[in-house]
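Topology and contacts: notes
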Protein chains: 2
Amino acid sequence: MNIILLSGGSGKRLWPLSNDIRSKQFIKLFKNSKGKYESMVQRVYHQITSVDKDAKVTIATSRTQVSAIHNQLGANVSVCVEPMRRDTFPAIALAASYLHYEEGVGEDEAVIVCPVDPYVDDSYFASVARLEELVNEERTNVTLMGIEPTYPSEKYGYIIPDGKEEVSGVREFKEKPDRATAQKYLDQGALWNAGVFAFQMKYILKKAHSLIEFTDYRDLYAQYASCPRISFDYAVLEKEDSISVLRYKGEWKDVGTWNMMAEVMADRVKGKALLDETTENTNVVNELGIPILVMGAKNMVIAASGDGILVADKEQSGYMKPYVEKISTDIKFAEKSWGTYHVMDAGQGYLAIKAILKPGSRMSYHSHEYRDESWTILAGTGKTIIDGMEQIVRPGDVVTMAAGCKHTILADTEMTVFETQIGEIDKKDKAKFRLDSTSEEWTGE
Amino acid sequence: MNIILLSGGSGKRLWPLSNDIRSKQFIKLFKNSKGKYESMVQRVYHQITSVDKDAKVTIATSRTQVSAIHNQLGANVSVCVEPMRRDTFPAIALAASYLHYEEGVGEDEAVIVCPVDPYVDDSYFASVARLEELVNEERTNVTLMGIEPTYPSEKYGYIIPDGKEEVSGVREFKEKPDRATAQKYLDQGALWNAGVFAFQMKYILKKAHSLIEFTDYRDLYAQYASCPRISFDYAVLEKEDSISVLRYKGEWKDVGTWNMMAEVMADRVKGKALLDETTENTNVVNELGIPILVMGAKNMVIAASGDGILVADKEQSGYMKPYVEKISTDIKFAEKSWGTYHVMDAGQGYLAIKAILKPGSRMSYHSHEYRDESWTILAGTGKTIIDGMEQIVRPGDVVTMAAGCKHTILADTEMTVFETQIGEIDKKDKAKFRLDSTSEEWTGE
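Here's what I pulled together on the structure shown here. Small disclaimer: the values here were computed from a predicted structure and weren't measured.

Rules behind the numbers
One numbering rule holds for all chains: residues counted from 1, following each sequence as written. A letter from A marks each chain and a number from 1 marks each ligand, given out in the order of writing. Only residues with pLDDT of 70 or above have their local features reported here, since the model is predicted, and side-chain atom pairs are shown and tallied only from 80 upward, although totals for entire chains, interfaces and linings are computed over all residues. Based on all heavy atoms of the structure, the side-chain values leave hydrogens and waters out of the count. The copies were overlaid with a least-squares fit restricted to C-alpha atoms from residues scoring a pLDDT of at least 70 in each copy. By this definition, two strands are paired if DSSP reports at least two bridges between them. Numbering of helices and strands runs from the N terminus, with a helix taken as a DSSP run of H or I at least four residues long and a strand as a DSSP run of E at least two residues long. A fitted line through C-alpha atoms serves as each axis, taken over the contacting stretch for helices, and the angle formed by two N-to-C directions is quoted from 0 to 180°. Two rings from Phe, Tyr or Trp (for Trp, the six-membered ring) form a pair when their centres are within 6.5 Å of each other. A pair whose planes differ by under 30 degrees is stacked, one over 60 is edge-to-face, and the rest are tilted. The classification of residues rests on relative accessible area computed with a 1.4 Å probe and restricted to protein chains. Under 20% of the type maximum is buried, over 50% is exposed, and intermediate values are partly exposed. Here, a charge over a ring means that NZ of Lys or CZ of Arg falls within 6 Å of the ring centre while also lying within 35 degrees of the ring normal. In what follows, salt bridge is the name for a side-chain nitrogen of Lys or Arg lying within 4 Å of a carboxyl oxygen of Asp or Glu. Any two residues whose heavy atoms approach within 4.5 Å at even a single point are treated as in contact. Here the quantity called buried area is the accessible surface, traced with a 1.4 Å probe, that two parts lose on coming together, added over both. Any pair of nitrogen or oxygen atoms within 3.5 Å is treated as a polar contact; in protein, a donor-acceptor pairing is required on top of that, and neighbouring residues in sequence qualify only through side-chain atoms on both sides. Residues are sorted three ways: Asp, Glu, Lys and Arg are charged, Ala, Val, Leu, Ile, Met, Phe, Trp, Tyr, Cys and Pro are nonpolar, and all the rest, Gly among them, are polar.

Attention now goes to the relation of the copies chain A and chain B. You can overlay chain A on chain B at an RMSD of 0.1 Å; the transform is a turn of 179 degrees with a shift of 0.0 Å along its axis. The relationship between the two copies is best expressed as a two-fold rotation axis.

Right, dumping it as structure tokens:
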């Protein structure tokens, strides 16, 4: 099974746990069968591989998510990076080209495109596997999955099928309706459009070549900036007559808001928190090191991270986007290939950062022109390289790096490092140097 | 006017802004006439000195509050330190002895004892001044202030006067009653006992000498540990027949809970916070650097500090004490004579602290046996002395102090210093050395 998982979006609606760097699919609020917290992307990935252990999963995403994906799914997961954001059609075309021209996926093979962020039970991916069979039967050019609606939602697009069988032809697509219209659709047996598309490789390649002039994956990648901003729905589905839809009746939840997330998160409380007996139907997620005491709260969600603190009525939390946009967008937390960093304090001319490096990981070898930095090793052991000089470092060691000096740190064990930046910290100011092929950037600096 | 302000108590009920080190009277939620935030102790002090600019105010308190008092009221305010906590009678006896034996207050002068934490209007201190006149008239041995009750409260003790005049004799004292009994007291013209006592110096000295054997202030201080734990009410008032009470009808609020504090704090929101339009009757105090977004909250108080985050229904917040006691009591913030410190991170074998030093201030000259430390200067300039070696320091400078090494820092301008402690950080581990007479300790380390 060839699956392209579309991992997009920056998260305003699950603030303060999601931000422009950390999308909602990376927040660990679910639990795997062993009771360990996992994120949406981990959950979906494990669900796919449990249905088909040989599934070939490629994650189509932007550069900012690559570190988080490798951190959460391992170094070997296949990632197809969009050089910049376009819409779903170029993203799918790029990922399909990658599979065909780079990975050798044949023209007759089925390709299934899924969003990375639905909360579903395992039967969902059994249905995805069924889509592959349907594609192989070559009944229609495109096969979709339609979700059996549970209520007349105004939030989703609808697929109007031409029958009520498990697999039907598609008569029409409908945009997000008002409630009354949604009810009418339901009466006609309509399905929610979940953004799951399946087709043969040759179908999507043909569509891609007809809309974009390119020779192969590398060529498409090189000219990605000039690709049209166009959705798959608009570019393909609305012009295609040969479409069928497979009904899916299992659990499917769009956990795009805190209200929905509260329904499916594994534990009502994650992190340091104490709730009194008069608190009702309230969820708490606390990523900070300090405790939260909740008394007499009803139907609320409370979430705290290095970016901020949310205290919201569950219903009301669905309307947070404009408020979050008003709040300063300085990112205080990010997941990197080598671990995590937290901005602990920022002041006039300085920034104080706590970096936690994974065992065996390393930062890129880099320098800054306009700021001095220092590293104080708080825990763990490793090695620094400063202008070519190697030094073993242990807790208590302090390494200073004047502006212009090339530096990197390599962790033997897990390391906690306090970094100070002094100077013109607002400047984009980083030059990277080759030390060896595994060096990886610390973006966002 | 000789006023002894009793500044006691550690604060659990205004957590997380109060803690074992920072009592509620030091939280700055009020505003002075110039619109600048001030604390309870600042407000009361300024109210007294505006009624009587020559008032001789002595603050009777414990060692842990001395730095905060000097920070908030200036270096010249008179502080009488109890070497350890006893009850109100020894505390008042010690402060009165201090005034008499050390400060030369005469035996015939009036002394007035007030708690430091009522929220009152200026007429309250006009009444306090009236108490002095009443003491000088020598009508009774003790004169009290009684607050005209506004409702039959179960939270206060009651004074039953023998008349309804402005000044009456006192027939009886009553403990905190139930509501029905409180109503009966009100019908008899009873007053709340606000803990304000006035008498001549010779009266309290005689009482003190009759209960404790001591010669003068220094002797009493030296043997304070063996003083009986006994309240002023029990030791004096309940045994005294010659007591009168002055009625006070102005504003008087006991801001001991968040519910009460919310009524009188100057601004509904202090610190970084954004409240949506559906939020009602909700107060926010945010001492953290990150924003708080509040949506759809009703009748709540939200308070965040380095110690933790409170999200509470106002009514319910009155019952927080047992919950706060369950929460880890590691102090994350403290006010010192030289400024403030925040614990920013604590891990196995390390502590990371951000210290802000006031211009011209200094830490004590000290050393540790079981931990290495480092200072990274983030902002400001000053001087460090490390094993006798002076060094000018500026932003970006890093100073390391191995275990055993004597060190101090002196701030020229306001300085922001990041301190790391690596080693056995749980040990009480500090030796102080004389550098000159102004050195002051960093307690709690």
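Moving on, there is more to tell.
What follows is about the sheet that holds strand S24 (residues 371–379) of chain B. Residues and elements named next belong to chain B. If you trace the six strands from one edge of the open sheet to the other, you get S20-S21-S22-S29-S24-S27, paired in antiparallel fashion. Each of the sheet's edge strands pairs with one partner strand only, and the pair in question is strand S20 (333–336) and strand S27 (398–401). Here the strands of the sheet are splayed against their neighbours by 20 degrees on average, with no regard to which way each runs. Of the pairings in the sheet, the one linking strand S22 (residues 350–357) to strand S29 (residues 415–423) comprises eight bridges and is antiparallel in character. Among the inter-strand pairings, Lys-354 is bridged to a residue of S29, identified as Phe-418.

A separate point is the packing of aromatic side chains. Enumeration according to the criterion identifies 29 aromatic pairs over all chains in this entry. Both rings, one in Phe-197 of chain A and one in Phe-232 of chain A, keep their centres 4.3 Å apart while their planes meet at 25 degrees; by these two values the pair is stacked. Here Phe-197 of chain A, found in strand S11 (residues 191–200), pairs with Phe-232 of chain A, found in helix H8 (residues 232–235); they are 35 residues apart in sequence, far enough to count as distant. Where Tyr-124 of chain B meets Tyr-248 of chain B, the ring centres are 5.3 Å apart and the plane angle is 85 degrees; that geometry is what we call edge-to-face. Of this pair, Tyr-124 of chain B sits in helix H4 (residues 123–136) while Tyr-248 of chain B sits in strand S12 (residues 243–248), placing them 124 residues apart in sequence. For Tyr-248 of chain B, a relative accessible area of 2% translates into the label buried. For Lys-270 of chain A, the ring lying beneath its charged end belongs to Tyr-37 of chain A, and the centroid distance is 4.1 Å. Here the guanidinium or amino end of Lys-406 of chain A rests over the ring plane of Phe-433 of chain A, the centre of that ring lying 4.5 Å away.

Looking now at the pattern of salt bridges. Across all of its chains, the model carries 36 salt bridges over all chains by this definition. Where Glu-251 of chain A meets Lys-253 of chain A, a salt bridge forms, and the shortest distance between an N and an O atom there is 3.7 Å. With a relative accessible area of 32%, Glu-251 of chain A lands in the partly exposed category. Where Lys-202 of chain B meets Asp-108 of chain B, a salt bridge forms, and the shortest distance between an N and an O atom there is 2.7 Å. Of this pair, Lys-202 of chain B sits in helix H6 (residues 201–211) while Asp-108 of chain B sits in the loop between helix H3 (88–102) and strand S6 (110–115), and the two are 94 residues apart along the sequence.

So, about the interface of chain A and chain B. On the chain B side, the residues contacting the 53 residues of chain A number 52 residues. Both sides of the chain A and chain B interface together cover about 4,100 Å² of buried area, and 75% of this is carbon and sulfur. Ranking the residues of chain A by area buried against chain B places Leu-293, Met-295 and Ile-309 of chain A at the top, with a combined share of 17%. Across the chain A-chain B interface, the total number found is two salt bridges. Here Asp-345 of chain B and Lys-354 of chain A are joined by a salt bridge, their closest N and O atoms 2.7 Å apart. Scanning the region where chain A abuts chain B turns up 12 residue pairs in polar contact (both at pLDDT 80 or more). With six residues, the single largest contributor to the side of chain A that touches chain B is strand S19 (residues 308–313) of chain A. Its residues placed into classes, the side of chain A that touches chain B shows 31 nonpolar, 14 polar and eight charged.

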